[in-house]
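Below, each chain spelled out in residue letters.
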Amino acid sequence: MKDKKIYIAGHRGMVGSAVKRNLENLGYHNFILRSSAELDLRNQSEVQKFFRNEKPAIVIDAAAKVGGILANNNYPYQFLMDNMQIQNNLIHESLQTDVEKFIFLGSSCIYPKFAPQPLQESSLLTDSLEPTNEWYALAKIAGVKACQAIRNQFGKDYVSLMPTNLYGTHDNFDLTSSHVLPAMIRKFHEAKLEGHTTVNLWGSGSPMREFLFVDDLARAVAFALENKLPEYLYNVGTGVDLSIKDLATLIQSIVGHQGEINWDSSKPDGTPRKLMDVSKMHELGWKHQIELKTGIQITYQWFLENQDNYKEVKL
């Protein structure tokens, strides 16, 4: 198993790099890797040529165009089309070249805005989506369904893992495109350096969110790789959430910022709550290992060590 050729799409991103590190620690070594400069996953002919030449046995799709509410609102077409093109090319060529296992990574935003909490896999497509990220969500739903269709029609081991909100080392700290947790780390850090100035945060602080350290998702990917999971879709999270206000207080204390927090309630809150039901993965034997406070401490330390070269996403 550990000699099989593994292609990790998006290996330089937060998720892909964590998946690669974890698999290396487990003894996997036969990786095929391409940067986006070397292989444009939106280009069908390039992807086709790559698969025909390399013939991977396992494909892990951690490649996606991602961002927070602001980025999703401002660039709906790119969030829909880029993600559709990336995953369609990867899934189709995996089928064409007889890839034996395909692990598709999505997001909890695939579930309806007002789905019953905690979110169960069975809620998919039962109601309308959260408008602030529906373009990204629609693309990911199509990917889940494509993998399910291949599973049903061809009997292949294609499985989708839907993580909750991820954070960790190698995150995106660009304030125009990052998610809430890394954005807060940067805002509190910069306000601390400026003499503990007031930090302005979006919304009311009341929405509830669940966060998973990226290395725990990487362990879930390895679990899916080493086991044949009986169903097509699995939630991956902690099963525990907190308010955005409590998250801000926690990050503020870890960073050491002593100023005020100003909540701008004219800005959107997004979905009121997004807690995942992770019982299916728990029943199979996977569970997260890193609690939120520890994970934020690790992430902040990484941020401090990589301020000169951390990833910024220019849209």
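Overview of the structure. (Residues numbered from 1 in each chain as written. Predicted model: local features only at pLDDT ≥ 70, side-chain atom pairs only at ≥ 80, totals over all residues. Heavy atoms only, no water.)

**Remarks on the pairing of strand β1 (residues 6-9)**
Then, number 1: Side chains Ile 6 and Ile 8 of β1 all project onto a buried face; the interleaved residues Tyr 7 and Ala 9 project onto the opposite face, where all are buried too.
Then, number 2: In the sheet, β1 pairs with strand β2 (residues 31-32) via two bridges, with the strands oriented parallel. Its bridge partner being in β2, Ile 6 is matched across the sheet by Phe 31.
Then, number 3: Crossover β1 to β2 through helix α1 (residues 14-25) is right-handed.
Then, number 4: Where β1 lies against strand β3 (residues 58-61), four bridges are found, and the strand directions are parallel. If you follow Tyr 7 over to β3, its bridge partner there is Val 59. (Buried < 20%, exposed > 50% of the residue type's maximum accessible area, 1.4 Å probe, protein only. Helix = DSSP H or I, 4+ residues; strand = E, 2+ residues; numbered from the N terminus. Pairing = 2+ DSSP bridges. Right-handed = clockwise from strand over helix to strand, strands pointing away.)

**A few points about the sheet that holds β1**
Then, number 1: Strand order in the open sheet made by the six strands is β2-β1-β3-β4-β5-β10, with parallel pairing throughout. Edge strands, defined here as strands with exactly one partner in the open sheet, are β2 and β10 (233-236).
Then, number 2: This element, helix α4 (residues 76-96), spans β1, β3, β4 (101-105) and β5 (157-163) of the sheet and lies at about 165° to β4. (Contact = heavy atoms within 4.5 Å. Axes fitted to C-alpha atoms, helices over the stretch in contact; angles between N-to-C directions.)

**What to know about unusual backbone geometry**
Then, number 1: Residues Gln 117 and Pro 118 are joined by a peptide bond in cis, for which omega reads -10°.
Then, number 2: Note on placement: Pro 118 falls in the loop between β4 and α5 (134-154).
Then, number 3: One non-glycine residue, Asp 98, lies in the positive phi region at around 60°.
Then, number 4: On the secondary structure map, Asp 98 appears in the loop between α4 and β4.

**Some details on the environment of Ile 298**
Then, number 1: For Ile 298, the position within the fold is in helix α10 (residues 292-305).
Then, number 2: Here Ile 298 is in contact with Thr 169 and Phe 213, once residues within four sequence places are set aside.

**Observations regarding the packing of helix α6 (residues 180-193) against helix α8 (residues 244-255)**
Then, number 1: Between α6 and α8, the least distance of the axes is 9 Å, while the angle of their chain directions is 45°. In terms of their interaxial angle, α6 and α8 are classed as oblique. Where α6 crosses over α8, the two elements pack in a sense that is right-handed. Side by side, α6 and α8 meet where Val 180, Leu 181, Met 184, Ile 185, Phe 188, His 189 and Lys 192 of the first sit next to Ile 244, Leu 247, Ala 248, Ile 251, Gln 252 and Val 255 of the second.
Then, number 2: Class assignment of the residues belonging to the contact of α6 with α8 gives a composition of 10 nonpolar, two polar and one charged. (Parallel < 35°, antiparallel > 145°, perpendicular 65-115°, else oblique. Left-handed = near helix turned anticlockwise from the far one by under 90°. Nonpolar A, V, L, I, M, F, W, Y, C, P; charged D, E, K, R; others polar.)

**Quick notes on the packing of α8 against α10**
Then, number 1: For the pair α8 and α10, the least separation of the axes is 10 Å and the interaxial angle reads 50°. On the basis of their axis angle, the class for α8 and α10 is oblique. In this structure, α8 meets α10 at a crossing whose hand is right-handed. Taken together, the residues of α10 that come into contact with α8 (itself represented by Leu 247, Leu 250, Ile 251, Ile 254 and Val 255) are Leu 292, Lys 293, Ile 296, Gln 297 and Tyr 300.
Then, number 2: Taken together, the residues that form the contact of α8 with α10 break down as eight nonpolar, one polar and one charged.

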